[in-house]
Amino acid sequence: MRPPLVRSFSQLGSLDPDRPVVTLFSGGLDSSYLLLRLRRMGIREVHAVSVDIGEDESSTYKRQVAEALGATIHILDRRAEFADRYVAPAIAAQAVYLNIHPVSSTLSRPLIAHSAVGLARALGAQAVLHTANRSQNTLRRLNGALALLGYEGAFGSPYDLDPVTRDDKLVELRAAGIDLLAGRIVSGDSNLWCREFESGILDDPELHEVPEEMYTWSRPTARPGDTDTLTVTFEHGVPVALDGEPLPLTGLVERLNRRVGAFGLGRYSGLEHLDHGEKVLEIREMPAAWLLLSGYRHIESACLDAELIREKRHLEQVWTREALEGRWFGELRLAAQVFIDACAARTTGSVTWRLRTGGADTRSIAVGSPLYLRDREKWEERAISAESAPFVPAAETVLATV
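Throughout, residues of each chain are indexed from 1 in the direction in which the sequence is written. For a predicted model such as this one, the threshold for reporting local features is a pLDDT of at least 70, and the threshold for listing and counting side-chain atom pairs is 80 or more; totals across whole chains, interfaces and linings nevertheless cover every residue. Only hydrogens and water are removed before side-chain values are computed, so all heavy atoms of the structure are retained for them.

Here the focus is the sheet that holds strand β12 (residues 245–246). In sheet architecture, strand pairing relies on hydrogen bonds along the backbone and comes in two forms, parallel and antiparallel. Note: two strands are recorded as paired if DSSP finds a minimum of 2 bridges between them. Strands here are runs of E lasting at least two residues and helices are runs of H or I lasting at least four, both read from the DSSP assignment and numbered beginning at the N terminus. Overall, antiparallel pairing links the five strands, which are arranged β12-β11-β10-β15-β16 in an open sheet. Across the chains shown, the open sheet's two edge strands, defined by having one partner strand only, are β12 and β16 (359–367). Inspection of the sheet shows strand β10 (residues 227–235) paired to strand β11 (residues 238–242) by four bridges, in the antiparallel sense. From the neighbouring strand, T233 faces β11, where its bridge partner is A241.

Structure follows, in C-alpha cells:
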C-alpha cells in the first residue's frame, strides 16, 4: 500500500527525520518557505532539486537561498532534453490550448517530475514534495506525472489544503535571515520555450495590465519600417536549421525568441481551466513558438493529404488535453504520439518569413515532394488532356499528333 498523497503541512509530521526528502525548488517564495518548514521539523537531509530548462532565476541565487535554509541543492541541466523530448513533440502536435496559447508548463512538469523521481530513487528518499497550490494547474500535472511514474514514496504539495499567505511566508523567512524574495508583484514561470506571468496584479481578468518591463523576449527593438527575413528548415517534423545554419533546437529557439520578439510578436493572454472548471488568467511571451508552430503547419500542409491533416487536428487536441491534465506518461497521450510521429516523418521542408512590426508574412514554402502546384495553368491543361483522352476519336488523336 502506497503512502497517502501529501496535501497539507500537518501530514509532514509523519516524515522520518532521519530519511532524505526531495523537494522541487524554483528559488521562489513557496519553495523557499517549504525548506524553512522542513528545517524546523528537524528533517536532517533535505535535497532541493532545480531542473534547468532555461528559466530566469540564476543558479547562484538558488544556491544561496537553498544553502541558507540548510538544504543540499541539485541543479540539473535538462535544457537539451526538454527541447528534444518535450518541445519538439509539442511542435509536431501543434500543442495549443483551445486555440488560445501554446502550452508550456504542460511540457516542463513531466520532465521536472521525472528528474526528481530519478534523484529520489538514487537517494532512497521517503518523499518528493512540491509547492503547487490549488489555483495552479501545476498541482495536477506534477501529481499526475509522479503517480504515472510509479514513485514508491509519498509525494504531493502541502499547500493544496494548507495555504500560507504571502505576507506570512515573507515574515517567517525574514525572521530566519532570508530576505531575498521581496518585491515580486506576480508569479512567474519560465523556460526556454516560454515566459509566463500570473497572480498578483494579474489576478483579475476583468482588470489587468502587464507592465512592459515584465516582457523580455517580445519587447520591441525594431524601428518602424524595419524588416527581417529568415528561413526555418524542418526535417521529419523537427526544426533543424535557421537561415541554412544547422542548430540544436535549444539554440534555434533562443535565436528566434530574439529575432521574432524584436518585432513585438509572440504575446498571448488567455484563461485556462483549473481542476473543477474555474479559470485563471495567464500571460505569456513565446516568440519562437509563434513562428515555429505556424511554420510547421505550412510544411505539413505541403506534404500531407488534407484528410490526414483533418484527422490529425482532432488528435492534436487529444494529445494536448492528455498532457495538460497531467497524463504525459499516460497511454492515450503516448498512443496519439504514434500517429503524430507518423505524420512528422513525412514533414520536411523550409519556410521563409519576412518579419515586420506587428506581423510576419511567408515568402517561400518549399518541400521536396510537394502536393502543391507551381503552375496552375499547365496542371489544368495536363489534367484535362488526361481526363479527355479516352473520349477523343482516333482520327482526332492522329491529327493532333501530326
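On to the pattern of salt bridges, then. Salt bridge, as applied in this entry: a Lys or Arg side-chain nitrogen positioned within 4 Å of an Asp or Glu carboxyl oxygen. Taken as a whole, this structure holds 34 salt bridges when the rule is applied. The partner of E300 in a salt bridge is R297, with the nearest N and O atoms 2.6 Å apart. Remark: R297 and E300 occur in helix α8 (residues 287–303); sequence separation between them is three residues, near one turn of the helix. With respect to class, E300 is no different from R297; both count as buried. With its nearest N and O atoms 2.8 Å apart, the salt bridge here joins E316 to R297. In this pair, E316 sits in helix α9 (residues 306–324) while R297 sits in helix α8, placing the two residues 19 residues apart along the sequence. For the residue pair E316 and R297, the accessibility class agrees, reading buried in each case. By sharing partners, the salt bridges in this structure join R141, E196, E272, E282 and R284 into a single network. Classification of residues uses two cut-offs on accessible area relative to the type maximum, computed with a 1.4 Å probe and protein chains only: under 20% is buried, over 50% is exposed, and between them is partly exposed.

A separate point is unusual backbone geometry. Notably, S199 is not glycine yet its phi reads approximately 65°, a positive angle. Within the secondary structure layout, S199 lies in the loop between β9 (195–198) and β10. The phi dihedral of D243 falls on the positive side, at around 55°, and the residue is not glycine. With respect to the secondary-structure elements, D243 resides in the loop between β11 and β12. Its relative accessible area of 42% is what places D243 among the partly exposed residues.

Take helix α4 (residues 105–123) next. Counted at 1.5 Å a residue, the expected span for α4 with its 19 residues is 27 Å, and the 26 Å between its end C-alpha atoms agrees. Within α4, 14 of the 19 residues are buried, which leaves the element mostly enclosed by the surrounding structure. Just downstream of α4 lies G124, where phi reads positive at about 70°. The span you would expect from a helix comes to 1.5 Å times its residue count less one.

Moving on: the packing of aromatic side chains. By convention, a stacked pair of Phe, Tyr or Trp rings (six-membered ring in the case of Trp) has centres within 6.5 Å and planes under 30 degrees apart, an edge-to-face pair has planes over 60 apart, and any other such pair is tilted. Considering all chains together, one arrives at seven aromatic pairs under this definition. Centroid distance F9 to Y33: 6.1 Å. Interplanar angle 80°. Geometry classified as edge-to-face. One end of the pair, F9, is in the segment before β1 (21–24); the other, Y33, is in helix α1 (residues 29–41), with 24 residues separating them in the sequence. Since its relative accessible area comes to 5%, F9 is described here as buried. Residue Y33 is classed as buried on the basis of its relative accessible area of 2%. Ring geometry for F9 and Y159: centres 5.2 Å apart, planes at 85°, overall edge-to-face. With F9 in the segment before β1 and Y159 in the loop between β7 (154–156) and α6 (166–175), the pair connects residues that are 150 residues apart, well separated along the chain. Distance and angle both matter: a charge sits over a ring if NZ of Lys or CZ of Arg is within 6 Å of the ring centre and within 35 degrees of the ring normal. Of note, R333 hangs over the ring of W328, and the distance from its end group to the ring centre comes to 3.8 Å.

On to the layout of surface pockets. Rolled over the atoms, a probe sized like a water molecule indicates the empty space that remains. Of the volumes computed, that of the second largest pocket is approximately 330 Å³. Breaking the lining of the second largest pocket down by element, the ones donating at least two residues are α8 and α9. When residues in the lining of the second largest pocket are grouped by element, the largest group, five residues, is from α8. Buriedness of a pocket was judged along seven lines, with at least five required to meet protein on both sides within 12 Å; pockets are open sets of points on a 1 Å grid over the protein atoms alone, cavities are sets where a 1.4 Å probe fits but cannot get out, and lining residues have an atom within 4 Å of a point. Grid points are joined across faces, edges and corners, and a volume is the space filled by probe spheres set on the points.

The next point concerns the sheet that holds strand β3 (residues 72–77). Read across the sheet, five strands follow the order β3-β2-β1-β6-β7 without closing on themselves; strand pairing throughout is parallel. The open sheet has two free edges, formed respectively by β3 and β7, since each of these has just one partner strand. The sheet shows a mean angle of 20° between the axes of neighbouring strands, taken without regard to direction. When strand β6 (residues 127–129) meets β7, the two strands line up parallel, connected through three bridges. Each bridged residue has a counterpart across the sheet, and for V128 the counterpart in β7 is F155. A contact between two residues is defined here by any heavy atoms of the two lying within 4.5 Å. Note on geometry: axes are C-alpha line fits, over the in-contact stretch for helices, and angles between N-to-C directions span 0 to 180 degrees. Those strands touched by helix α2 (residues 59–68) are β2 (46–52) and β3, and its axis lies near 160° from that of β3. Sitting on the sheet, α4 touches β1, β2, β3 and β6, and the angle it makes with β1 is about 165°.

Every α-helix winds through 3.6 residues per turn, so residues three or four apart in the chain are directed the same way. The terminal C-alpha atoms of helix α10 (residues 331–344), which comprises 14 residues, lie 20 Å apart, in line with the 20 Å expected from a rise of 1.5 Å per residue. For α10, every residue scored as buried is listed here: R333, A336, Q337, I340, C343 and A344. Each buried residue of α10 sits inside an arc of 115° when the element is viewed along its axis, so together they form one side. Facing away from the buried side of α10 by over 90 degrees, the exposed positions are E331 and V338. Considering only its buried residues, α10 is in contact with α3 (79–92), α8 and α9. For this quantity, the arc is that covered by the directions from the helix axis to the C-beta atoms.

Let's shift gears to the packing of α8 against α9. It is at 11 Å that the axes of α8 and α9 come closest, and there the two elements cross at 145°. Facing α8, whose interface residues are Y296, R297, E300 and S301, α9 presents I309, K312, R313 and E316. When residues are grouped by polarity, Ala, Val, Leu, Ile, Met, Phe, Trp, Tyr, Cys and Pro land in nonpolar, Asp, Glu, Lys and Arg in charged, and all others, Gly among them, in polar. Its residues assigned to classes, the contact of α8 with α9 comprises two nonpolar, one polar and five charged.

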